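Residue-level listing of the chains:
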Protein chains: 2
Amino acid sequence: MKNAKFNILKGLFFTYLFILSFFSIKAQTSGLNKEDVKVIKGIYDESLTSRNTYKLLDHLCNKIGHRLSGSIGASKAVEWTEMIMNSYSFDKIYKQDLFVPNWKRGDKEEVKIIGQKDGELNVLALGMSVSTPKKGISEKVVEVQGIEDIEVLGRDKIKGKIVFFNRPTDQRLISTGSAYGGAVDQRTAGPAEAAKYGAVAVVIRSIGTAFDDVPHTGVTRYVEGIKKIPAAALGVKSADKLTLALKNNPNLKLFIKMNCETLEDAPSHNVVGELIGNEFPNEIITIGGHLDSWDVGQGAHDDGAGCMQSIQVLRLFQKLGIKPKRTIRAVMFMNEENGTRGGLKYAELAKKNNENHLIALESDAGAFTPRGFGVTAEASTIKKFRSWLPYFELNTISYFKKGGGGVDINPLNRLLGTPTIGFIPDSQRMFDIHHSDNDSFDSVHPRELELGTASIASLIYLIDKYGL
Amino acid sequence: MKNAKFNILKGLFFTYLFILSFFSIKAQTSGLNKEDVKVIKGIYDESLTSRNTYKLLDHLCNKIGHRLSGSIGASKAVEWTEMIMNSYSFDKIYKQDLFVPNWKRGDKEEVKIIGQKDGELNVLALGMSVSTPKKGISEKVVEVQGIEDIEVLGRDKIKGKIVFFNRPTDQRLISTGSAYGGAVDQRTAGPAEAAKYGAVAVVIRSIGTAFDDVPHTGVTRYVEGIKKIPAAALGVKSADKLTLALKNNPNLKLFIKMNCETLEDAPSHNVVGELIGNEFPNEIITIGGHLDSWDVGQGAHDDGAGCMQSIQVLRLFQKLGIKPKRTIRAVMFMNEENGTRGGLKYAELAKKNNENHLIALESDAGAFTPRGFGVTAEASTIKKFRSWLPYFELNTISYFKKGGGGVDINPLNRLLGTPTIGFIPDSQRMFDIHHSDNDSFDSVHPRELELGTASIASLIYLIDKYGL
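Since the structure is predicted, the reported quantities are computational estimates derived from the model, not experimental observations. Counting from 1, residues in each chain are numbered in the order their sequence is written. For this description, chains carry letters from A and ligands carry numbers from 1, given in the order in which they are written. Where totals are concerned, whole chains, interfaces and linings use all residues; where local detail is concerned, this predicted model gives features only for residues with pLDDT of at least 70, and gives and counts side-chain atom pairs only at 80 or more.

> So what about the sheet that holds strand β3 (residues 120-121) of chain B? Which residues, and what values?
Residue and element names in this part refer to chain B. In this scheme, strands are said to pair when DSSP sees at least two bridges between them. For the purposes of this entry, the term helix denotes a DSSP run of H or I that reaches at least four residues, the term strand denotes a run of E that reaches at least two, and both are numbered from the N terminus. The eight strands lie next to each other as β3-β2-β9-β5-β6-β7-β8-β4, forming an open sheet whose pairing is mixed. The outermost strands of the open sheet, each flanked by one partner alone, are β3 and β4 (123-125). Running at roughly 150° to strand β5 (residues 137-144), helix α6 (residues 147-158) makes contact with β5 and β6 (162-165) of the sheet. What counts as a contact is two residues whose backbone-derived C-beta atoms lie within 7 Å of each other. Only the contacting stretch of a helix is used when fitting its axis, a line to C-alpha atoms as for every element, and angles between N-to-C directions run 0 to 180 degrees.

> Break down the sheet that holds strand β10 (residues 261-275) of chain A for me, citing the residues and quoting the values.
Residue and element names in this part refer to chain A. Spatial ordering of the open sheet is given by β1-β10-β12-β11-β13-β16-β14-β15, a layout of eight strands whose pairing is mixed. Across the chains shown, the open sheet's two edge strands, defined by having one partner strand only, are β1 (92-104) and β15 (399-402). On average, adjacent strands in this sheet sit at an angle of 25° to one another, irrespective of strand direction. Bridge analysis of strand β13 (residues 356-362) against strand β16 (residues 420-425) gives three bridges, and the strand direction is parallel. Bridging from a neighbouring strand, L361 pairs with I421 of β16. In this fold helix α11 (residues 300-319) packs onto β10, β11 (280-290), β12 (326-333) and β13, with an angle of close to 145° to the strand it touches most, β11. Docked against the sheet, helix α16 (residues 446-466) engages β11, β12, β13, β14 (370-376) and β16, running at close to 160° with respect to β11.

> Give a detailed account of the domain arrangement of chain A, specifying residues and quantitative values.
All names here are of chain A. Partitioning chain A into structural domains gives domain 1 (9-103 + 264-466) and domain 2 (106-259). A separation of 34 Å is found between the C-alpha centroids of domain 1 and domain 2. On the side of domain 2, 18 residues touch domain 1, which itself brings 16 residues to the contact. It is helix α15 (residues 430-433) that provides the largest number of residues to the side of domain 1 that touches domain 2, a total of three residues. Just so you know, the domain bounds were taken from an automatic or database domain assignment.

> Requested: an account of the environment of B:S398, with residues and values cited.
Tracing the sequence through the fold places B:S398 in the loop between α13 (379-387) and β15 (399-402). Taking C-alpha positions, B:S398 is 24 Å from B:G304, a pair spaced 94 residues apart along the chain. Among all residues touching B:S398, those that are not within four sequence positions of it are A:S398, B:R371 and B:G372.

> Account for the packing of helix α4 (residues 52-64) of chain B against helix α5 (residues 72-87) of chain B, naming residues and giving values.
Relative placement of two packed helices is described by the angle separating their axes and the distance separating the axes. Residues and elements named next belong to chain B. Interaxial distance between α4 and α5 falls to 11 Å at its minimum, and their mutual angle equals 150°. Regarding the angle of α4 to α5, the classification is roughly antiparallel. Every pair of crossing elements has a handedness; the one defined by α4 and α5 is right-handed. Side by side, α4 and α5 meet where L56, L60 and I64 of the first sit next to G73, K76, A77, W80 and I84 of the second. Asp, Glu, Lys and Arg are counted as charged, while Ala, Val, Leu, Ile, Met, Phe, Trp, Tyr, Cys and Pro are counted as nonpolar; the rest, among them Gly, fall into the polar class. Its residues assigned to classes, the contact of α4 with α5 comprises six nonpolar, one polar and one charged. For this classification, under 35 degrees means roughly parallel, over 145 means roughly antiparallel, 65 to 115 means roughly perpendicular, and everything else is oblique. Two helices crossing with the near one rotated counterclockwise from the far one by less than a right angle form a left-handed crossing, whereas a clockwise rotation gives a right-handed crossing.

Rendered as structure tokens:
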């Protein structure tokens, strides 16, 4: 606790700087490093006028499309991102080899309320789900509000039935990520839990925030030793239709038929591009997103945006003549959605090769207007980052909060203790879109996307220059 | 300058409170009034779960539609908002009578590059524009980047020509409102300026931020003693087409034909609803938006949203049993777009009736995720508002900046010295939409809209309770 008094004073000083940044343009530029102000302005200007992240994302979404691990789309995306980084002549471009789960959605997915006119429901198999028997499953339904209901109901009530998880996301939460986090256990753990009690299949209300009928997929996790049962997500309106039908007739039967399958693990790759540092080339700063997506929509927000932003950060450094002191890496992680094999491989290789990772940042929360960053690091680092808030313009980055990272960079933190940063954009629209057909390029706003790129590039510029 | 030292300390204390609000949930609720925390949480919860602002806006946009002053839509909107407030049994509901400009777009608007295949351009007459002669105008074009070019070119080069204002909005500005503000003089003042030098008509590049071909209208202001010439906005892609055609052939002729007209001023109304204060009924807090819109799209963001938010703030107070100390008014101002007659009438009546207006707030910047408020008031008031920042959750309200109001409430400030507040949502999408067919209900996100309502209601709750 030495220097506590000084730290409080310093804290007040930084907070004061922070406040000034909000309320006075004059104050904003006084006391700041003029060179840094100029560089960061250049980063924002170039991002907003070139719209290059948006152009890259257009290609990824509209020429390649969705990119589930093991799919042709994923292979094409690997090839194309490597080619793009080659065309930019980054200092080093290479792939990291790995094997990924290889789940294929079948061509026939059908859920309907038997005997009900217009009883068809909008459905998507959950990622990694097993198939139903060829003739499908026709069984009674038990509606529950969460996995805790399963144990309460017990084997007698669950056995032989289709379990319907129907707890909506909590609309009261301002962070829709928190709302999603509070409901997603029904998808990830629900099917295994229901199977434990003898259920024959599971349908869930889509984990999303919109009241439309577009189903949202996402991974479900089977548990070893427990039977794998088929599981699917219903559109929210379809879930409402089912719950209403069950009120009228608790003995109704649901028909479910899907022909998805899991093939042998497939070879795939992380793709890495580097600008090599000219002072501390062995100190690595990672910026990444995941190149794989679900097999619906175009994986625009989740997470084509994060990948294109990562490439564009390096491109901005190059275009603006910013020579990094440290080595900056753009990493296209493979297989975030159903295995995290890319993130794990990246961390393993980092450890094996004794790499020195200063910090890693992931953008995987959508291409919306930036709000802040979440940071997992020493308190002194977070304090230092907060002292940089005056460099960010009003309405882009308002805060650095404690705690943050990303699914693909968290293994780096676990294995090497690397500090991590999660980019936090506005969350209101993300879970209307996420893991569904709605996640398409036309839902991305060019300026919002580019403000994200510029915010990340500016933070990386400051970290590269001043360290943690 | 007395108590300067104390003020600095107090300032640091408030800024410190502010910071804590960002970075620690624990800190966020300690030191705050628990009752206020509870009430504000209730406001957000009710807004996000009832989605009542969104339901009201749905009706206004989809059942009534756009609402230019003097139109049937505007009359219907007056009638309907009065009816809605009556159905809520607000304490007092009444109309303020006024006369509004009565401009009508004709049924034929046409601009094309003569002799060019596919030479048709997407066009909308500017609001208040005069008609062309029946047979239209066919003349050569002078392209300029702004009104300052007109004087430089001089009468010789302008006389008898169609002037084409083509300066784009500055994409580098993070606030698109500033970008709009920096380009809009071409629309408001361009036609009168060009007419001064003998131009026969004006076309402008739409003042917007998107690169589509949807033209954006908006008011142009003729100057007394200078000939009124027809003026229209081109879609951005049409403007690009014209500039390219002019490069190939500087002598090309443009054909322009419009049959808009200005009829006699029409009777119309502001609509006012009140909850009467139970301690200081004579102290009035105004919350408003403008009920009129342009005659394209549905006037969803501009400014159906602000009107419905204003009604819903009173409705929230009612539903949650918040008894205001002061009188809270929801005001639907008429004629913001082409005359401000409603705002002027409201201020005149306030003055005439010796009303005591504590403060007025306007929401007229779109239904997007809230960012902050701009405040025109004593420094001590702004300081007090900043001390309330911890009551607002992360990602809703991040700042109170100095300076803010709204076109409809500014007359109240000018005539009575009433402090004013402008609600500031995220601006990235607003000027893609503004004054065009794009401003439709389906561009509004329900959660973003409701977060705006809740932010305004929470601020009004604190102002009502604690004063300025």
